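# A structural walkthrough
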Amino acid sequence: MKIIGEKINGTRSRVKKAVAERDAAWIQDLARRQAQAGADWLDVNAGTPPDREPDDLAWLVQTVQEVTDVPLCLDSANAHALAAALPRVQRPPLINSISGEQQRLQDTLPLARAHGCPVIALALDDRGIPGDVAGRLAVVRRVVEQTRQAGLADDQVYVDPLVMALATNTASGQVALDTMRAICAEFPAAHLTSGLSNVSFGLPARSLINQAFLALALAAGLDTAIIDPLDQDLRAMLLAAELVLGRDRHCRSYIRAYRAGRLGRHSQAGQNDQK
Ligand code: THG
């Protein structure tokens, strides 16, 4: 599975402060740590009002690129912010995101095409986020029709079924998982991504919930996720789940992580077992 590092997100109060104060060193440390932890992309989300967002996102892009070569995932619903950021990116970014919202499709899809970027496509439209699988699938069908018309191959599209908090609706995990399976079956060439940590908002011991959801989502076809790459327990679960699903040839990644002491307290237990 590919990892999009979630931590540079202006909805987090510490990040919001760093963006407001143009605290480059603090942002760069967060970028470096996620890159070192193996993130495949770094999400950058300014989280500021629409009038500030173009400047703030452009600043984030430049700041992060000064310390890492990891490509960016430009996280904004605002086409003006994306347009300000895109000329500054050094490597093709992932655009996060388009959706079935008419205006957003009209404004953002041409940007993706002009810059040759893959896009994340959300299962929501002008009427909101459909509550059931059939509704989400119908939205995704319409969006994929548009991405195809714009000349984007399906493997340039990362479909996001949208993961909502379990704390507000205990069916939201199941709806997301069923939507993943349906999308996988209908659009086998498209990628499947998710903001995984959304599922645990408002609940205690969040990492545990994220871990359970990650294992189930991998089985449902998830191949990319927006996660905290610094969460060691989550990373250990990812290695174990991929191994169980037969996606780790010769168990190589799992064993390498074990030898490097990256399986946390479980590696200790393992050593004791062998005595
Ligand atoms: N889909 C897509 N993009 C997305 C989301 C999605 N971008 C934003 C969000 N959802 C994914 N990113 C986050 C980032 C942080 C958290 C959750 C999702 C989060 N942070 C904790 C907090 O702020 O309390 C903990 C942060 C910390 O201290 O590390 O929960 O669904 N396409």
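What comes next is a walk through the structure. From a predicted model like this one, the values you see are computed outputs, not experimental measurements. (Residues numbered from 1 in each chain as written. Predicted model: local features only at pLDDT ≥ 70, side-chain atom pairs only at ≥ 80, totals over all residues. Heavy atoms only, no water.)

To continue, consider the packing of aromatic side chains. Scanning all chains against the criterion turns up 1 aromatic pair. Measuring from centroid to centroid gives 5.8 Å for Trp41 and Tyr158, while their planes differ by 85°, and the two rings are edge-to-face. You can see Trp41 sitting in strand S2 (residues 41–45) and its partner Tyr158 sitting in strand S6 (residues 157–160), a full 117 residues away along the chain. Among the residues examined, Trp41 registers a relative accessible area of 11% and is labelled buried. The cationic tip of Arg14 hangs over the ring face of Trp26; the distance from NZ or CZ to the ring centre is 4.3 Å. (Phe/Tyr/Trp six-rings, centres within 6.5 Å; stacked < 30°, edge-to-face > 60°. Helix = DSSP H or I, 4+ residues; strand = E, 2+ residues; numbered from the N terminus. Buried < 20%, exposed > 50% of the residue type's maximum accessible area, 1.4 Å probe, protein only. Lys NZ or Arg CZ within 6 Å of the ring centre and 35° of its normal.)

Attention shifts here to the site of the ligand. Taken together, 15 residues surround the ligand, and among them Lys7, Asp75, Asp160, Asn198 and Arg206 come closest. Within the contact set of the ligand, a nitrogen atom lies 2.8 Å away from a side-chain nitrogen or oxygen of Asn96. The fraction of the free accessible surface of the ligand (670 Å²) that becomes covered by protein chains is 73%. Elements that contribute at least two residues to the shell around the ligand include exactly strand S1 (2–9) and strand S5 (119–125). The residue makeup of the shell around the ligand, split by class, is 4 nonpolar, 5 polar and 6 charged. (Near = heavy atom within 4 Å. Polar contact = N/O pair within 3.5 Å; in protein donor to acceptor, adjacent residues only side chain to side chain. Areas by Shrake-Rupley, 256 points an atom, 1.4 Å probe, with all protein chains shown as cover. Nonpolar A, V, L, I, M, F, W, Y, C, P; charged D, E, K, R; others polar.)

This part covers the sheet that holds strand S8 (residues 224–227). With respect to topology, 8 strands assemble into an open sheet ordered S7-S6-S5-S4-S3-S2-S1-S8, the strand pairing being parallel. Looking at the sheet topology across the chains shown, the edges are occupied by strand S7 (191–192) and S8. In the sheet, S2 pairs with strand S3 (residues 72–75) via 3 bridges, with the strands oriented parallel. The residue bridging Asp43 from the neighbouring strand is Cys73, located in S3. (Pairing = 2+ DSSP bridges.)

Here Asp75 lies in strand S3. One buried charge, Asp75, has no salt-bridge partner; the nearest side chain with opposite charge is Arg104, at 6.6 Å. Polar contacts involving the side chain of Asp75 include one to the side chain of Asn45, which spans 3.3 Å. When residues no more than four places from it in sequence are discounted, the contact partners of Asp75 are Asn9, Asp43, Val44, Asn45, Glu53 and Asn96. (Lys, Arg positive; Asp, Glu negative; His and termini not counted. Salt bridge = Lys/Arg side-chain N within 4 Å of Asp/Glu carboxyl O. Contact = heavy atoms within 4.5 Å.)

Time to look at the pairing of S6. The two faces of S6 match: Val157 and Val159 on one face and Tyr158 and Asp160 on the other face are all buried. The pairing of S5 with S6 spans 4 bridges and is classified as parallel. When the sheet's bridge partners are listed, Ala121 is paired in S6 with Val159. In this fold, S5 hands off to helix H6 (residues 133–149), which returns the chain to S6; that crossover is right-handed. As paired strands, S6 and S7 are joined by 2 bridges and run parallel to one another. Pairing of Tyr158 across the sheet is with His191, part of S7. Between S6 and its parallel partner S7, the chain crosses via helix H7 (residues 172–186), and the hand of that crossover is right-handed. (Right-handed = clockwise from strand over helix to strand, strands pointing away.)

Here we come to H7. The terminal C-alpha atoms of H7, which comprises 15 residues, lie 21 Å apart, in line with the 21 Å expected from a rise of 1.5 Å per residue. Of the surrounding elements, those touching the buried residues of H7 are H6, S6, S7 and helix H8 (206–219). (Expected span 1.5 Å × (residues − 1).)

Let's shift gears to the packing of H8 against helix H9 (residues 232–244). It is at 9 Å that the axes of H8 and H9 come closest, and there the two elements cross at 20°. As judged from the angle between their axes, H8 and H9 are roughly parallel. Where H8 crosses over H9, the handedness of that crossing is right-handed. Between H8 and H9, the contacting residues are Ser207, Asn210, Gln211, Leu214, Ala215 and Leu218 on the first element and Asp233, Leu234, Met237, Leu238, Ala241 and Glu242 on the second. Its residues placed into classes, the contact of H8 with H9 shows 7 nonpolar, 3 polar and 2 charged. (Axes fitted to C-alpha atoms, helices over the stretch in contact; angles between N-to-C directions. Parallel < 35°, antiparallel > 145°, perpendicular 65-115°, else oblique. Left-handed = near helix turned anticlockwise from the far one by under 90°.)

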